[in-house]
Amino acid sequence: MFSTSLSVFTHGERFKSQCYAIAFTLILGLLSVILPTHVAQAADTPAIAAAANIKFALDDIAKDFKQQTGLSVRISYGSSGNFITQIQHGAPFEMMLSADEFYIEQLHKAGYTQDAGVIYAIGRLALAAPKQSPLILDAELVGLGQFITDGKLKRFAIANPDHAPYGERAREVLKAKGLWDAVQPKLIFGENASQAAQFTISGSTQGGIVPLSLVLAPQFTQLANHVVIPEHLYQPLNQRMALMPNASETAMRFYQYMQSPQAQKVLSEFGFNLPQATEKLD
């Protein structure tokens, strides 16, 4: 899936052998962003749906959870909007970690969760570009605006705003800076936030607005630069999680572990803000 999308967006370009090697490494190293992460499939290994933007942090948290408890979880990463559709059509997930509380609210109202869940992290956005990109990065997107005005912007990546919260917030940022109309013809949509990040770092675009939690990963920092986008330019990304009615004991224990100081420390290291209190919705 990833290789097909990438070939569409880079068709006709001739990369040097070194660029091909980098792209191949990216595909091997990051393909897991859009495919399920598989662990030992014991009978009590619950399936968990998680927003793609939390992949690197959640992989570390799941490893720590296994070391401390001996229990494993099976995580699938993707867009929050697509996951609620799957759950409503019977996908056997026992827990969902959304990139925005809206989707958990929708599942809760429809009776697909045990309760309204809790906010486990608050997401943040970054403007990023490959290290070889001529795009000048700044927090207020002045450089991006000038790049568009000069006719130099060819392709720019964000997650699909129709079903990915980080894409929706990226659109808010571009509108707030008066750039949305001009940038629309240049947009390359990732199926989820992580695929948008892949497009950004691979060089198939000149830049993108992507989750800070992904650009802080070593896989990203080696290949791209970034600046943090001020949070007043977009609505808060309150990332909420909830258990499904069929949640097993292991899923419930992982849900509690996500709220532990150990897990919260990992989330903070990956650029997330932490909720003041994990209060349930009314």
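Please read these numbers as outputs of a predicted model, since none were measured by experiment. (Residues numbered from 1 in each chain as written. Predicted model: local features only at pLDDT ≥ 70, side-chain atom pairs only at ≥ 80, totals over all residues. Heavy atoms only, no water.)

1. Some remarks on the overall build of the protein
Now for step 1: Helices and strands together make up the secondary structure of the protein, namely 13 helices and ten strands.
Now for step 2: Entry remark: accessible area of the protein is about 12,500 Å², with carbon and sulfur atoms responsible for 52%. (Helix = DSSP H or I, 4+ residues; strand = E, 2+ residues; numbered from the N terminus. Areas by Shrake-Rupley, 256 points an atom, 1.4 Å probe, with all protein chains shown as cover.)

2. Some points on the confidence of the model for the protein
Now for step 1: Here the protein averages 86 in pLDDT, and 83% of its residues register 70 or above.
Now for step 2: Note that residues 1-42 has pLDDT below 50 and, in this model, 61 contacts with residues that lie over four places away or in other chains.
Now for step 3: Contacts from residues 277-282, a stretch scored under 50 in pLDDT, to residues over four places away or in other chains number 14 contacts. (pLDDT = per-residue confidence, 0-100. Contact = heavy atoms within 4.5 Å.)

3. Re empty space enclosed by the protein
Now for step 1: Tallied over the full model, the rule gives two cavities of 30 Å³ or more.
Now for step 2: The space that makes up the second largest cavity amounts to roughly 60 Å³.
Now for step 3: Among the residues forming the lining of the second largest cavity, the class breakdown is seven nonpolar, five polar and no charged. (1 Å grid on protein atoms, 1.4 Å probe; cavity = no way out; pocket = protein on both sides within 12 Å on 5 of 7 lines; lining within 4 Å. Points joined across faces, edges and corners; volume = space filled by probe spheres on them. Nonpolar A, V, L, I, M, F, W, Y, C, P; charged D, E, K, R; others polar.)

4. Quick word on the packing of helix α3 (residues 55-69) against helix α12 (residues 249-257)
Now for step 1: For the pair α3 and α12, the least separation of the axes is 11 Å and the interaxial angle reads 115°. Read as a crossing pair, α3 and α12 show a hand that is right-handed. Residues L58, I61, A62, D64, F65, Q68 and T69 of α3 form the contact with α12, whose own contacting residues are T250, R253, F254 and Y257.
Now for step 2: The residue makeup of the contact of α3 with α12, split by class, is six nonpolar, three polar and two charged. (Axes fitted to C-alpha atoms, helices over the stretch in contact; angles between N-to-C directions. Left-handed = near helix turned anticlockwise from the far one by under 90°.)

5. Some thoughts on unusual backbone geometry
Now for step 1: One non-glycine residue, L141, adopts positive backbone phi at about 65°.
Now for step 2: Checked against the element boundaries, L141 lands in the loop between β5 (125-130) and α6 (142-149).

6. Digging into helix α7 (residues 165-176)
Now for step 1: Its twelve residues give α7 an end-to-end C-alpha distance of 16 Å, which sits within 8% of 16 Å, the value for a rise of 1.5 Å per residue.
Now for step 2: Taken residue by residue, α7 has P165, Y166, G167, R169, A170, V173 and L174 as its buried positions.
Now for step 3: Positive phi shows up at G178, right after α7, with a value of about 70°. (Expected span 1.5 Å × (residues − 1). Buried < 20%, exposed > 50% of the residue type's maximum accessible area, 1.4 Å probe, protein only.)

7. Considering the environment of Y120
Now for step 1: The topology assignment puts Y120 in strand β4 (residues 118-123).
Now for step 2: Measuring from C-alpha to C-alpha, the distance between Y120 and A263 comes to 9.5 Å, with 143 residues separating the pair along the chain.
Now for step 3: Apart from residues lying up to four places away in sequence, Y120 is in contact with I54, L97, S98, Q239, R240, M241, M258, Q264, L267 and P275.

8. What about the pattern of salt bridges?
Now for step 1: Tallied over the full model, the rule gives seven salt bridges.
Now for step 2: Linked by salt bridges that have partners in common, D100, E168 and R169 make up one network. (Salt bridge = Lys/Arg side-chain N within 4 Å of Asp/Glu carboxyl O.)

9. With respect to the side chain of D138
Now for step 1: On the secondary structure map, D138 appears in the loop between β5 and α6.
Now for step 2: From its side chain, D138 meets the backbone nitrogen of V142 in a polar contact 2.8 Å long.
Now for step 3: Those residues in contact with D138, other than ones at most four positions away along the chain, are L127, G143, L144 and V227. (Polar contact = N/O pair within 3.5 Å; in protein donor to acceptor, adjacent residues only side chain to side chain.)

10. Quick notes on the sheet that holds strand β1 (residues 47-51)
Now for step 1: As summarised here, the arrangement of the five strands in space is β2-β1-β3-β10-β4, forming an open sheet in which the pairing is mixed. At either end of the open sheet lies a strand with only one pairing partner, and these are β2 (74-78) and β4. The average undirected angle you get between the axes of adjacent strands in this sheet is 20°.
Now for step 2: Where β4 lies against strand β10 (residues 237-243), five bridges are found, and the strand directions are antiparallel. Its bridge partner lying in β10, A121 is registered against Q239.
Now for step 3: In this fold α3 packs onto β1, β2 and β3 (95-97), with an angle of close to 175° to the strand it touches most, β2. (Pairing = 2+ DSSP bridges.)

11. A look at the packing of aromatic side chains
Now for step 1: For the structure shown, the criterion picks out four aromatic pairs.
Now for step 2: Each ring, one from F65 and one from Y257, has its centre 5.5 Å from the other, and the planes form 55°; the classification is tilted. Of this pair, F65 sits in helix α3 while Y257 sits in helix α12, and the two are 192 residues apart along the sequence.
Now for step 3: Among the aromatic residues, ring-to-ring pairing joins F65, F254 and Y257 into one connected group. (Phe/Tyr/Trp six-rings, centres within 6.5 Å; stacked < 30°, edge-to-face > 60°.)

12. What about helix α4 (residues 80-88)?
Now for step 1: When α4 is considered as a whole, its buried residues turn out to be S80, G81, F83, I84 and I87. Angular distribution of buried residues about the axis of α4 spans 160°; they occupy a single face of the element.
Now for step 2: If you follow the buried residues of α4, they end up packed against β1, β2, β3, α5 (101-109) and α7.
Now for step 3: Positive phi appears at G90, one or two residues downstream of α4, with a value of about 100°. (Arc of directions from axis to C-beta.)

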